[in-house]
Amino acid sequence: MKNKNRVVMDAEGIDRSLTRIAYEILEKNKGLDDLVLIGIRTGGIYLANRLQRKIAAIEGIEAPSGILDVTLYRDDLQKTNKKPRIGKTDIAFSLDDRKVVLVDDVLFTGRTIRAAMDALIDFGRPRLIQLAVLIDRGHRELPIRADFVGKNLPSSLWEDVSVKLTEKDGVDEVVIEMDSEE
Amino acid sequence: MILERKDILGIKELSKDEILLILDTADSFIEISTREIKKVPTLRGKTVINLFYEASTRTRTSFEIAGKRLSADTINISASTSSVVKGETLLDTARNLEAMNPDVIVIRHSAAGAPHMLAGMVRQSIINAGDGAHEHPTQALLDMMTIRAKKGRLENLNVAIVGDIAHSRVARSNIYGLKKMGAQVAVAGPATMIPRDIEQMGVSVHSSLDEAIKEVDVIMMLRIQIERQHQNIFPSLREYAQRFCLSKKNISLAKKDVLVMHPGPINRGVEISPDIADGPYSVILDQVTNGVAVRMALLYLLTGGKA
Amino acid sequence: MNWLIKGARIIDPSQHIDDRMDVLIENGKIVKLGEKLSPSSKKGAGIIEAAGLVVTPGLIDMHTHLREPGFEYKETIQTGSEAACAGGFTAIACMPNTNPVNDTRSVTEFILRKAAETNLVNVYPIAAITMQSLGNALAEFWDLKEAGAIALSDDGKPVMDSAVMRRALEYAHSLGLPIISHCEDTCLSSGGAMHEGFVATELGLPGIPGIAEDIMVARDLLLAEYTRSSIHIAHVSTAWSVRLIRDAKKRGIKVTAETAPHYFTLTDDDLRTYDVNAKVYPPLRGKTDVEAIKEGLRDGTIDAIASDHAPHAQTDKEVEFEYAASGMIGLETSLALGLRLVAADVLTLNQLIEKMSTNPAGILRIPGGTLRSGGPADLTIIDLQRLWTVDRKAIRSRSKNTPFLGWGLTGKAVMTIKGGVVTYDELHN
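Residues numbered from 1 in each chain as written. Chains lettered and ligands numbered in written order. Predicted model: local features only at pLDDT ≥ 70, side-chain atom pairs only at ≥ 80, totals over all residues. Heavy atoms only, no water.

A. Main features of helix H6 (residues 169–180) of chain B. All names here are of chain B. End to end, H6 covers 17 Å across 12 residues, agreeing with the expected 16 Å (1.5 Å per residue, within 8%). With 10 of 12 residues buried, H6 lies mostly within the body of the structure. Residues of H6 that are buried include every one of Arg169, Val170, Ala171, Arg172, Ser173, Asn174, Ile175, Tyr176, Gly177 and Leu178, and no others. For H6, the N-terminal capping position is held by Ser168, with its side-chain oxygen 3.3 Å away from the main-chain nitrogen of Val170. Positioned one or two residues after H6, Gly182 has a phi angle of 95 degrees, which is positive. (Helix = DSSP H or I, 4+ residues; strand = E, 2+ residues; numbered from the N terminus. Expected span 1.5 Å × (residues − 1). Buried < 20%, exposed > 50% of the residue type's maximum accessible area, 1.4 Å probe, protein only. Polar contact = N/O pair within 3.5 Å; in protein donor to acceptor, adjacent residues only side chain to side chain.)

Take a look at the structure:
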């Protein structure tokens with residue numbers, strides 16, 4: 001099994017992208033009013049937390065943030081008996097009339113975001129939903145697009161794009177793994 | 001995460017890992033019941049049939065809500081209103097249901113072994129909601145979930161189960177489960193209600209409530225059926241209550257942070273005094289809440305396409 | 001019919017014979033046993049080459065349920081007879097719990113007439129002790145004997161009233177009719193579905209304590225002693241029963257006893273799958289009881305092995321365990337299960353044949369159980385080496401309720417001859 005890893009973004013690059021995204025969120029939404037950040041489990045949680053801190057550093061106020069687990073809304077659950085582990089969803093505030101910024105690490109087929117939106121609608125009626133992702137790697141299977149993108153990364157379907165974060169992996173970097181599977 | 005089973009018929013055959021998987025999955029379902037929209041689309045289009053040969057409000061409602069919160073179509077069949085009254089055998093009922101292609105059949109029956117018979121006959125997943133005096137796996141799972149949530153663990157806890165052990169499926173399932181998870185179990189009741197050779201299940205046996213609940217972490221009171229009085233199993237409810245009712249008089253024998261549990265429905269003043277049932281030690285209502293989560297977890301883990 | 005059976009190992013416990021010999025049969029009777037006999041000169045005489053096989057007196061099952069009249073959907077005298085001769089039996093005694101109960105001469109005569117029509121096996125009716133086996137009023141023992149009943153039993157039920165059982169023992173004894181007692185204290189056994197013990201506790205099934213049998217065995221032994229009569233205990237299943245019967249025999253009480261193959265082959269552990277075919281009364285017991293039964297067979301406390309062949313249709317069995325009918329068929333597996341005791345050195349082959357032929361004949365006072373010259377030519381030819389599997393499709397009984405389905409067994413009756421006529425032949429087919 002060949003395993004050629006390419007680091008396409010290092011720790012500094014990630015930090016600069018997140019800083020830019022934080023400013024873009026504030027610019028597009030003309031401030032923090034009614035804004036909430038929802039991180040999609042698992043990678044999105046830490047990115048949402050980092051964005052929350054950066055926004056707080058800029059505006060002096062913290063936007064509320066929550067965690068969303070989309071497992072139960074996935075469209076591929078009935079495919080196998082292998083049930084993915086369900087994580088906790090924790091949204092401690094109402095979403096009614098809020099501006100929700102969904103945060104995820106990699107935007108790929110778009111199915112996770114579709115599931116996330118279905119979940120959010122069950123929680124309430126947001127005024128609007130925006131999407132912030134660190135990496136957009138293309139290959140959309142649904143008409144979904146991100147409002148805020150850290151880096152556009154054209155990739156091939158044989159590649160695996162992995163966002164590693166210090167909080168869970170001990171290092172900050174975005175890696176492309178191209179392995180030929182047996 | 002795989003539950004490599006077609007059916008959930010009892011705790012006896014589950015491994016410790018399987019029990020942990022079910023409890024952990026149940027934990028993540030608790031939150032759904034607190035939302036405004038208490039529904040996730042996970043089991044959309046799946047059919048769950050609740051086939052209840054014994055009357056039950058609590059368990060059946062719990063299974064029905066569990067199925068509906070997962071967006072499944074749930075159907076309730078109670079024996080008294082169905083073709084069973086016309087004399088249809090269990091097997092024929094099962095085959096007829098199988099022909100309508102449900103995904104899960106939940107069965108409660110007064111004869112031990114009925115779910116096993118069904119599981120061997122139909123291809124659907126069977127969940128045992130209680131078979132005679134044999135097992136009630138979902139009750140034991142929700143009991144363990146409740147204890148774990150309050151105590152943080154199950155290992156090395158001392159649990160006392162009190163009441164008509166001989167006729168109790170709740171007792172048997174809990175004994176299997178708690179012992180597998182590393183707890184110590186004691187049973188207590190009038191000698192006529194202790195089944196033969198139960199020590200061989202690894203439990204200590206007591207004929208007095210006070211002895212059994214000394215320094216325990218959890219007390220599980222079981223329901224007394226009035227009919228047993230006519231079988232000379234005990235002389236009167238009055239005498240039973242005098243000897244085995246959990247109340248302010250004896251609760252202090254247990255640990256200060258003891259949990260008081262009961263599978264319900266409670267005979268107030270017979271098994272538990274009202275102030276204990278409604279008091280700070282009681283987690284009886286938590287059991288009910290956790291029951292929905294456990295049943296959702298099982299429906300989630302058992303359904304799914306075959307790879 | 002006339003036959004010369006050549007070269008077999010002849011086992012006849014009644015004459016203490018275990019030797020390689022020939023058997024000459026003429027006109028339905030045994031002429032003689034001897035070495036190198038000449039074939040019969042009679043018309044149509046045949047020769048059966050039986051080298052490597054065992055020939056014994058025809059096996060006699062002293063406890064069978066033929067279900068006719070009344071429960072023909074489970075078994076008929078015809079199908080029961082077919083099962084019996086396939087099992088190597090030349091005679092069977094059938095219990096009276098038919099519908100109507102065999103408590104009058106008309107039912108006894110009916111059974112005998114039907115059996116004569118099929119003519120595959122000698123059928124000996126056991127009539128009821130009490131009217132409708134309700135345990136109250138004595139049946140007409142003398143009239144029943146005249147009609148052809150050879151023993152009395154309320155099998156399926158006990159005679160709970162000790163005063164009634166006392167009178168029954170006295171009256172039957174004066175007529176020379178054996179009483180076969182089904183020992184069960186129904187107050188203790190009531191509601192039970194299996195043996196009361198750890199397995200029942202784990203399975204959550206109501207239990208039948210061993211003492212339900214032991215208490216009635218003790219009672220019946222005392223009654224037999226007091227009335228100076230004899231008694232036969234049916235389907236012994238517990239260690240205490242064996243102990244009580246052993247002591248009673250030492251005291252000189254005239255008691256004989258039988259057990260069924262399932263009581264020395266299976267235990268209550270075999271019910272863990274809720275197998276309705278293993279549900280039987282008395283229930284399958286624990287390991288210590290099984291060992292006591294084997295010891296009782298070995299030391300002669302238990303005189304006979306009787307199948308307690310109890311056919312039940314699928315509709316009676318394929319229901320929830322607690323509601324399923326009790327009983328298993330046994331005529332076609334009895335011999336092979338008995339041979340397992342020989343293979344395990346619990347019994348010699350001689351002792352096994354004694355318990356499956358000679359002793360039953362003696363207890364019931366019927367012809368058979370012997371290869372004496374001049375006696376009826378009732379013989380069983382056994383292939384001790386024959387390997388076979390209990391196959392549902394091959395079972396001749398109308399009902400297939402046996403827990404031994406799929407079992408691989410060694411040893412089978414390959415020919416059965418009753419009154420000189422071949423009623424079952426697997427050797428030449």
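B. Up close: the sheet that holds strand E5 (residues 158–162) of chain B. Residues and elements named next belong to chain B. Read from one edge of the open sheet, five strands run E7-E6-E5-E8-E9, paired in parallel fashion. The open sheet is flanked by strand E7 (204–206) and strand E9 (259–261), the only strands paired with a single partner. Pairs of neighbouring strands in the sheet enclose a mean axial angle of 20 degrees, with direction left out of account. Taken together, the five bridges between E5 and strand E6 (residues 184–188) define a ladder with parallel strand orientation. Among the inter-strand pairings, Val159 is bridged to a residue of E6, identified as Val185. (Pairing = 2+ DSSP bridges. Axes fitted to C-alpha atoms, helices over the stretch in contact; angles between N-to-C directions.)

C. Seen up close, the packing of aromatic side chains. Counted by the stated rule, this structure contains six aromatic pairs over all chains. Consider the rings of C:Phe404 and C:Trp407, whose centres lie 4.9 Å apart with planes at 90 degrees: the pair is edge-to-face. Overall, the relative accessible area of 2% leaves C:Phe404 in the buried class. Judged by relative accessible area, C:Trp407 falls into the partly exposed class, the value being 25%. Site record: aromatic cluster; members linked through ring pairs are B:Phe234, B:Tyr240 and B:Phe244. When the ring centre of A:Phe148 is taken as reference, the NZ or CZ atom of A:Lys28 above it lies at 5.9 Å. Over the aromatic face of C:Phe321 sits the side chain of C:Lys279, whose NZ or CZ is 5.5 Å from the ring centroid. (Phe/Tyr/Trp six-rings, centres within 6.5 Å; stacked < 30°, edge-to-face > 60°. Lys NZ or Arg CZ within 6 Å of the ring centre and 35° of its normal.)

D. Layout of the interface of chain B and chain C. Counting residues at the interface gives 24 residues for chain B, matched by 16 residues for chain C. Of the roughly 1,500 Å² buried where chain B meets chain C, counting both sides, 55% is carbon and sulfur surface. For the pair chain B and chain C, the number of links is one salt bridge. Measuring nitrogen to oxygen at the nearest pair gives 3.3 Å for the salt bridge that ties B:Lys12 to C:Glu202. Across the chain B-chain C interface, the total number found is nine residue pairs in polar contact (both at pLDDT 80 or more). Taken together, the elements giving at least two residues each to the side of chain B that touches chain C come down to helix H3 (90–99), helix H4 (114–121) and H6 of chain B. Element by element, the count of residues in the side of chain B that touches chain C is highest for H4(B), at four residues. Residue classes in the side of chain B that touches chain C are distributed as 12 nonpolar, six polar and six charged. (Contact = heavy atoms within 4.5 Å. Buried area = accessible area lost by both parts, 1.4 Å probe. Salt bridge = Lys/Arg side-chain N within 4 Å of Asp/Glu carboxyl O. Nonpolar A, V, L, I, M, F, W, Y, C, P; charged D, E, K, R; others polar.)

E. View of the interface of chain A and chain B. Each partner contributes residues to the interface: chain A has 19 residues there, and chain B has 24 residues. Carbon and sulfur atoms supply 52% of the area that chain A and chain B bury against each other, a total of about 1,900 Å² over both sides. Our count for the chain A to chain B interface comes out at one salt bridge. With a closest N to O distance of 3.1 Å, A:Arg85 and B:Asp24 form a salt bridge. Run the count over chain A and chain B and you get five residue pairs in polar contact (both at pLDDT 80 or more). Residues belonging to the side of chain A that touches chain B are distributed by class as follows: seven nonpolar, six polar and six charged.

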